[in-house]
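# Summary of the model geometry
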Amino acid sequence: MPTTMSTIKPSATSADAPTVPPPMLGASATATPSPSRRMKFETRDMSFYYGSHQALHDITLSVPERSVTALIGPSGCGKSTYLRSLNRMNDIIEGTKVTGKVLLDSVDVYAPNVDVVELRKRVGMVFQKSTPFPKSIFDNVAYGPRIAGQKNLAALREIVDRSLKQAALWNEVKDRLKDSALALSGGQQQRLCIARALATNPEVLLMDEPASALDPASTARIEDLIFELKRNYTIVIVTHNMQQAARVSEYTGFFCLGRLVEVGRTKQLFTNPAQKETEDYITGRFG
Amino acid sequence: MTTVPEHYSRRLAHRHRLGTVFEWACRVAAWGSVLVLAVLLIAVTSRAWHWLDWQFLTSPNDYEAERAGILGGFWGSFWLVGLTGLMTVPVGIGAALYLEEYAKPNWITRQIQLNIANLAGVPSVVYGILGYSVFIRFFGFFDRPQTYELALGFTNVRFHLPLGTVVLSGALTLCLLSLPVVIIASQEALRAVPPSLRHASLALGATKWQTIRYQILPAALPGILTGVILALSRALGETAPLAVLGAASHVDFVPGRIRGAGDLMANPGKLLQAPFDGFTAIPLQIYTWVNDNSRDLRDSVSAAGIVVLLVVLIAMNGVAIYLRQRYQQKIRW
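Keep in mind the model is a prediction, meaning the values are calculated, not measured. (Residues numbered from 1 in each chain as written. Chains lettered and ligands numbered in written order. Predicted model: local features only at pLDDT ≥ 70, side-chain atom pairs only at ≥ 80, totals over all residues.)

## Quick look at the overall build of chain A
For chain A, the count of helices and strands is 11 helices and 10 strands. In chain A, which comprises 287 residues, the proportion classed as buried is 45%. (Helix = DSSP H or I, 4+ residues; strand = E, 2+ residues; numbered from the N terminus. Buried ≥ 20, exposed ≤ 12 C-beta atoms within 10 Å, placed from the backbone.)

## A word on the domain arrangement of chain B
Residues and elements named next belong to chain B. Split into domains, chain B comes out as domain 1 (1-48) and domain 2 (56-330). Centre-to-centre separation of domain 1 and domain 2, based on C-alpha positions: 40 Å. At the junction of the two partners, domain 1 supplies 4 residues and domain 2 supplies 6 residues. Across the side of domain 1 that touches domain 2, the residue classes break down as 2 nonpolar, 1 polar and 1 charged. (Domains from an automatic or database assignment. Contact = placed C-beta atoms within 7 Å. Nonpolar A, V, L, I, M, F, W, Y, C, P; charged D, E, K, R; others polar.)

## A short note on the sheet that holds strand β5 (residues 107-108) of chain A
Residue and element names in this part refer to chain A. Reading across from one edge, β2-β1-β4-β5 is the order of the 4 strands in this open sheet, with antiparallel pairing throughout. Only two strands of the sheet have a single neighbouring strand rather than two, namely β2 (53-64) and β5. The pairing of strand β4 (residues 96-104) with β5 spans 2 bridges and is antiparallel. Residue pairing in the sheet places Leu 103 in a bridge with Asp 108 of β5. Running over the sheet, helix α2 (residues 79-86) touches β1 (39-50), β2 and β4 and is turned about 65° from β2. (Pairing = 2+ DSSP bridges. Axes fitted to C-alpha atoms, helices over the stretch in contact; angles between N-to-C directions.)

## Quick word on the interface of chain A and chain B
The interface of chain A with chain B comprises 20 residues on the first partner and 17 residues on the second. Per-class residue counts for the side of chain A that touches chain B are 12 nonpolar, 4 polar and 4 charged.

## Examining the environment of Gly 318 of chain B
Residues and elements named next belong to chain B. Relative to the assigned elements, Gly 318 resides in helix α13 (residues 295-330). In this structure Gly 318 comes out as exposed when scored by C-beta crowding, with 11 C-beta atoms within 10 Å. Gly 318 sits 253 residues away from Ala 65 along the chain, and the two C-alpha atoms are 32 Å apart.

Shown next, in the form of C-alpha cells:
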C-alpha cells in the first residue's frame, strides 16, 4: 500500500494545490458548499451512539449531487456507521442514538414524520458481502418494485431489464433470468445487488466496501460501473482501498476514531492533505 | 533428511491407535441404536404377524381379540393430531416470530423465554391434569354440562359446555404440550437466518412485515417444519395426558361417526361434528390391550397396534424429511 500511494502523491506538486479552493470543509470548520453543486446529503454536527459508546463525533459533511464521495479510514473509525446512518439502517440495532442533523435534500431524515421505508427506497444500499436472495435473478431485481406494490408483469420486466443493463449485468444473465441468483459468481452477485438497489429507482446509492470481497477483474467492473452511475445517481462509497477511492471518487472524506479528520476534492486530499493524520494514513504510515 | 526421533515415532503409533479406538467407539454407538430398533421391530412384527390383517385395520375395538381392530384409534389419533397441528402451527410460529423479531430484550421477554424452555420439560401427565380441569371441566364453573346445538343451515353441530372428554379438548391439551417444542424449534430456525438477508430486504424499502413474510419465513421454513413434525410425532405417541383426560378405551366408533368416504360425501356436516365427539387414540388403545386379561389381546393385538403406530410415525417423519429437502433445495447460501 505505501508504495502505490507514493506513486499517486508525487504526480501533482504541492504548488498547484492551493489554486483549487476546497469545496467542502472538514469537521473543524463550518460547511460552505460550493455554489455550483447542489448538496444531496448534508450532516451537521452529527454524533452517533451505540448505547453509551459514542461512535461518531460531530460529523459535518456534505455530499454533492451526482458525484462519488468516498469515505476512507482505518477499521473501526466509524465510516460504515456514518454510511448506515444516512438511510437509517442503524435503526435496526437496539440502543442507538443520533444527535445533530442528517439532511436529504434539506429535509431531516431523523424527523419524526419521516417514513423510514420511503427513505430507504430513495436511498439504496449495497453491502460488502453480496446478499442475493435465494430466488431467481428476475425475482431478486423485482423484489423492491414488488414490495412497493408493482404487480404488472410487463412493468416489472421493463424495470428488471433496465436495472440489469444499468448494472452492466444484462448481457451475462439475459438468457437465464429464471435461474437462481446464487449460481452467479461473486462479482456478478455484487452487480446483481447493485441492479436490485437500482430497481427501486433511488436517488442515492450507499456502498459499503462493495468490491472488498472481489477479485481484481470484478473490482474493475464495479469501479467502471460506479463511474457510469454517477451521471444519474449520488454515490457514497466506503472503501479500504485507497487507490479505489482515488480512482472512482471526486470527493473524499477521511475518518479516524469517529471523527471526520478531513474532507475535500479527492485529488487535493491525496496529493496535498491539510492534516498530518491524513497524510500519515494515505502514505501508509498508520492504519 | 533428518531422522525422526525415536520417541516421536513411538508416540505416533500410539496416536494412530487412539484414533482407531475412537472411530470404533463412535461406530458402535451409531450401529447400536440401529440394532436395538431392529430387534424391537422384528420382535413386535413377529408377534403381530397373524393379527395384522385387513379385519384389524378396518374394525373398531372389541372385547374379543378376533374382532378387535384399530379403526377407532387410528381416526381418533388422526383427528387429535390434525387439530393439534392446526392450532399449534399458527400460534407456535406467531409466538416465535414475536420473541425473535418484535419483542424487545427486556425482563418480561426473558421471563417468557425462560418459562417456555421450562414448559418444554414438563411431564406430559401434568398437561393432562391441566387439560382436564381447563378444557373438560372449565374449572367447574358449570353445575352440569349444558348441550348446545349450532344450526349452520346444512348441518347442526351439537356440543356440550364444558366440553367434556371430546376430540377438541384432547387436541387442546396436546396443543399445550406441543407448543413449547414448536416455539423453541421455530425460534432457532429464525435465528439461523443470516442477518444479511434481513438487512438487504430492509435496505430495499421493505417493511418489517414484508421482510418477515418474503425473506425470513421462507428461509426458516425447513427448520420450523422439522420442529412441527417432531412435536406432532410426540403428540401422536402421547398416552398419559389422554388417559388423565379420561378418553374412553373401548370406543367402537370413529369421531363424527363417519362410516367411510361415501358417508362423508353424503353428510359433510360430520366433519364439523367430529371435534365434539368422543374418541380413543392408537397409544391409548395399545395401553388398554396390554393391560387386558385376554392373552391374545395382551400379546398379539397390542403388537399389531404398535406396528400401526410405528408405521404412522415413520410416514409422518418421511413427510417431514421430504418437505425439508424440498425447501432446502431452493434455499442455499
